[in-house]
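# Geometric and topological summary
Residues per chain, in single letters:
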Amino acid sequence: MSNVALKILVVEDDDLLREALCDTLAFAGYGVEFACDGVEALALLHRQSVDLVVSDVQMAAMDGHALLQNIKRTWPRLPVVLMTAFGCVEKAVAAMRDGAADYLIKPFEAEVLIAMVSRFAHKAAGDGAEMIAEDPRAQQVVELARRVAASDATVMLSGESGTGKEVLARFIHDNSSRCDGPFVAINCAALPETMLESILFGYEKGAFTGAHQARAGKFEQAEGGTLLLDEISEMDVALQAKLLRVLQEKEVERLGGKGTIALDVRVLATTNRDLRGEVTAGRFREDLFYRLNVFPIALAPLRERRGDILPLVRRFVDEQSGAGQVVNLSPRAAQMLEAYAWPGNIRELHNVVQRAMILLAGDILGEADIHLEEPGAPVSLLSVPSTVAAPAEALDGSALENDLRGHEQQIIVDALKAERGRRKETAERLGISPRTLRYKLAKLRDDGIVLPDMYGT
């Protein structure tokens, strides 16, 4: 449910593969549309908006490369991921230069697809190109970012986790001369050293066990655009030395390669640590620090720019509202949200609003719909609607998650009973696709909930 705001268009001419892709994405909680070829995809895009296109390359009528070119002419900001079992890596990189957000080489595991798609989920979570900056401190940062965007300087963005560092990095890219080039992000904290090195710099076929084909690294994929090194402070010191050489020489050598590849890439980096302190402690190279810290920008935590809280709430509420639905915030709820410390910053605020919208029964988001998670928070701030059973003590994250899951399960079962087990009508009643309902029912069975025979298999 957390990803439902992101709508993905799958373009694939193989019926079985298309259905498998759609099922995988729907099961992960994304909204899914599909088309059988490029022509059908363009017709659908003219009728409705989507957040991401995942397209095969080899298709009749209009292939993936032609579809990409058509999309970039009409919807230049719409990210496109290409899938190919035939094209070589060089063609995939050329597609990146034409505006593709990324590419997948078939065959790939479902987890690989979900991991790639999840990188674009921030758009559904309110991390779009339009910055929310109504607090004076935030406005100063945005103006600074706008000015440095006009240059090609390396920028170091620092701040607590969840303050919007990646959003600001994308804002810098979008307002730079490289805005028509790719924006490629890699989280240095999410991957082990050996994997991070191969993903950053790329590798040739046979470079290591499992390297069955050559693959361009993130530096090559970002050619002509911007590369974001997210949480750079988590990178191993040995790999930092290799990164420094790439930044100094402006060229990269793939693992197992015999030559270098010239680069035209702007580098941005983020950290939630005191990077100077990391240098002093010997955990971060001093020469790399100065190479990256050309233009430092510090993002204040949300508790220090409270003027942004309610504007962010309004955006998140609008994104979670149904078509034609208008939801207003009660004065007491607004007061609660503004007074809270937000240790998790914008990310926590989004989660709180999302949970409130799930539990919302009317068109007024009130105090009873809001659940705050800070340890030691007053119980009065954790009041629970009467529709959800909860213990009297303050809810922790797992308890609230269980309550929400139970609430959803009961809604599905009630809808099935009301429609006498008819799945199509039940899906329509719930406002979800039959495919999504099928997976919801499978999850119910996995959770040990027995469904009467009339519900079918």
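An account of the accompanying structure is given in this report.

What counts, and where the lines are drawn
Residues numbered from 1 in each chain as written. Predicted model: local features only at pLDDT ≥ 70, side-chain atom pairs only at ≥ 80, totals over all residues. Heavy atoms only, no water. Helix = DSSP H or I, 4+ residues; strand = E, 2+ residues; numbered from the N terminus. Buried < 20%, exposed > 50% of the residue type's maximum accessible area, 1.4 Å probe, protein only. Contact = heavy atoms within 4.5 Å. Areas by Shrake-Rupley, 256 points an atom, 1.4 Å probe, with all protein chains shown as cover. Expected span 1.5 Å × (residues − 1). Arc of directions from axis to C-beta. Polar contact = N/O pair within 3.5 Å; in protein donor to acceptor, adjacent residues only side chain to side chain. Salt bridge = Lys/Arg side-chain N within 4 Å of Asp/Glu carboxyl O. Pairing = 2+ DSSP bridges. Right-handed = clockwise from strand over helix to strand, strands pointing away. Axes fitted to C-alpha atoms, helices over the stretch in contact; angles between N-to-C directions. Parallel < 35°, antiparallel > 145°, perpendicular 65-115°, else oblique. Left-handed = near helix turned anticlockwise from the far one by under 90°. Nonpolar A, V, L, I, M, F, W, Y, C, P; charged D, E, K, R; others polar.

## Here's the deal with the overall build of the chain
In terms of helices and strands, the chain carries 18 helices and 16 strands. The proportion of buried residues among the 457 residues of the chain is 49%. Of the contacts formed within the chain by residues at least 6 apart in sequence, a portion of 69% connects residues at least 24 apart. Element-wise, carbon and sulfur atoms account for 50% of the exposed surface of the chain, whose accessible area totals about 21,600 Å².

## Focus on helix H10 (residues 237–249)
Taking 1.5 Å per residue, 13 residues should reach 18 Å; H10 reaches 19 Å between its end C-alpha atoms and fits that length. Among the residues of H10, Leu 239, Gln 240, Leu 243, Leu 244, Val 246 and Leu 247 are the ones counted as buried. Down the axis of H10, the sector holding all buried residues measures 165°, keeping them to one side. Contacts made by the buried residues of H10 are with helix H8 (193–201), helix H9 (218–221), strand E10 (226–230), strand E11 (251–252), strand E13 (266–271) and helix H12 (286–292). With a side-chain oxygen positioned 2.9 Å from the backbone nitrogen of Ala 238, the residue opening H10 is Asp 236. After H10 finishes, the residue Lys 250 shows a positive phi value of roughly 55°.

## Observations concerning the pattern of salt bridges
Per the counting criterion, the structure on display carries 14 salt bridges. Here Arg 285 ties to Asp 287 by a salt bridge, and the two come within 2.8 Å at their closest N and O atoms. On the accessibility criterion, Arg 285 (28% relative accessible area) is partly exposed. Across the salt bridge formed by Arg 305 and Asp 308, the nearest N and O atoms sit 3.3 Å from each other. Both residues of the pair, Arg 305 and Asp 308, belong to the buried class. When salt bridges with common partners are traced through the structure, they connect Asp 152, Arg 178 and Asp 264 into a single cluster.

## Some points on the pairing of strand E1 (residues 7–11)
Across the five residues of E1, four count as buried, placing the element largely inside the fold. Inspection of the sheet shows E1 paired to strand E2 (residues 31–35) by five bridges, in the parallel sense. Directly across from Lys 7, in E2, lies its bridge partner Gly 31. Viewed along the sheet, the connection from E1 through helix H1 (residues 15–27) into E2 turns out right-handed. Summarising the sheet, E1 and strand E3 (residues 52–56) pair through four bridges and their orientation is parallel. Across the sheet, Ile 8 pairs through a bridge with Leu 52, a residue of E3.

## Here we look at the environment of Ala 207
You can see Ala 207 is positioned in the loop between strand E8 (202–203) and strand E9 (215–216). When the C-alpha positions of Ala 207 and Arg 254 are compared, they lie 9.0 Å apart, and in sequence the two are 47 residues distant. When sequence neighbours within four positions are dropped, the list of residues in contact with Ala 207 reads Leu 255 and Gly 256.

## Examining the pairing of E10
With five of five residues buried, E10 is to be regarded as a mostly interior element. The alternating pattern of E10 places Thr 226, Leu 228 and Asp 230 on one face and Leu 227 and Leu 229 on the opposite face, and all of these are buried. Pairing of strand E7 (residues 183–187) with E10, which is carried by five bridges, proceeds in the parallel orientation. If you follow Phe 183 over to E10, its bridge partner there is Thr 226.

## Some remarks on the packing of helix H6 (residues 136–149) against helix H7 (residues 165–174)
Remark: H6 packs on H7, axes separated minimally by 8 Å, with the N-to-C direction vectors making an angle of 40°. With respect to their mutual orientation, H6 and H7 come out oblique. Relative to H7, the crossing made by H6 is right-handed. When H6 is examined against H7, the residues Val 141, Val 142, Ala 145, Arg 146, Val 148 and Ala 149 are found in contact with a partner set consisting of Leu 168, Phe 171 and Ile 172. When its residues are assigned to classes, the contact of H6 with H7 shows eight nonpolar, no polar and one charged.

## Observations regarding helix H5 (residues 110–118)
Residues of H5 that are buried: Leu 113, Met 116 and Val 117. Here the buried residues of H5 occupy an arc of 95° about the axis, which is enough to place them on one side. Looking at the buried side of H5, the elements it contacts are E1, H1, E3, strand E4 (80–84) and strand E5 (102–105).

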